[in-house]
Amino acid sequence: MAIARLHGGPLDGQLLPLEDETLDQLIAPYGEGQILYRREGAPENTGPHDGPTTADFHYAGSTEDINPDSDGRDE
């Protein structure tokens, strides 16, 4: 199993398990819509003894506007 490192967007800094190491993009539910992260660069730690394979994914957009205060409680 591989690990996706997410950069930018609402999931910045999160690590997600990747069952398929060949994925070029991740689509995840977020609020009422979905968010998209795309792979950038080659996978790291691909050897048998250097830990889990990791891949960087960078925020590419969302299907809905992302509003971290959608219910107005932060005002």
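Calculation criteria
Residues numbered from 1 in each chain as written. Predicted model: local features only at pLDDT ≥ 70, side-chain atom pairs only at ≥ 80, totals over all residues. Heavy atoms only, no water. Buried < 20%, exposed > 50% of the residue type's maximum accessible area, 1.4 Å probe, protein only. Helix = DSSP H or I, 4+ residues; strand = E, 2+ residues; numbered from the N terminus. Pairing = 2+ DSSP bridges. Salt bridge = Lys/Arg side-chain N within 4 Å of Asp/Glu carboxyl O.

A. Structural view of the pairing of strand β1 (residues 2-7). Alternating residues of β1 divide into Ala2, Ala4 and Leu6, all buried, and Ile3, Arg5 and His7, none buried. Across four bridges, the pairing between β1 and strand β2 (residues 15-18) is antiparallel. Paired with Arg5 across the bridge in β2 is Leu15. As judged from the six bridges shared by β1 and strand β5 (residues 53-62), these two strands associate in the parallel manner. Across the sheet, the residue bridging to His7 is His58, located in β5.

B. Molecular detail of the pattern of salt bridges. Under the criterion given, the structure shown has two salt bridges. Close ionic contact of Arg5 with Glu44 constitutes a salt bridge, the shortest N to O distance being 3.3 Å. With Arg5 in strand β1 and Glu44 in the loop between β4 (33-39) and β5, the pair connects residues that are 39 residues apart, well separated along the chain. Of the residues examined, Arg5 reaches a relative accessible area of 23% and is grouped as partly exposed. Residue Asp56 is joined to Arg5 by a salt bridge in which the shortest nitrogen-to-oxygen separation is 2.8 Å. On the criterion of sequence distance, the pair formed by Asp56 in strand β5 and Arg5 in strand β1 is long-range, its members being 51 residues apart. What makes Asp56 buried here is its relative accessible area of 18%.

All we've got here are geometric facts, nothing functional implied.
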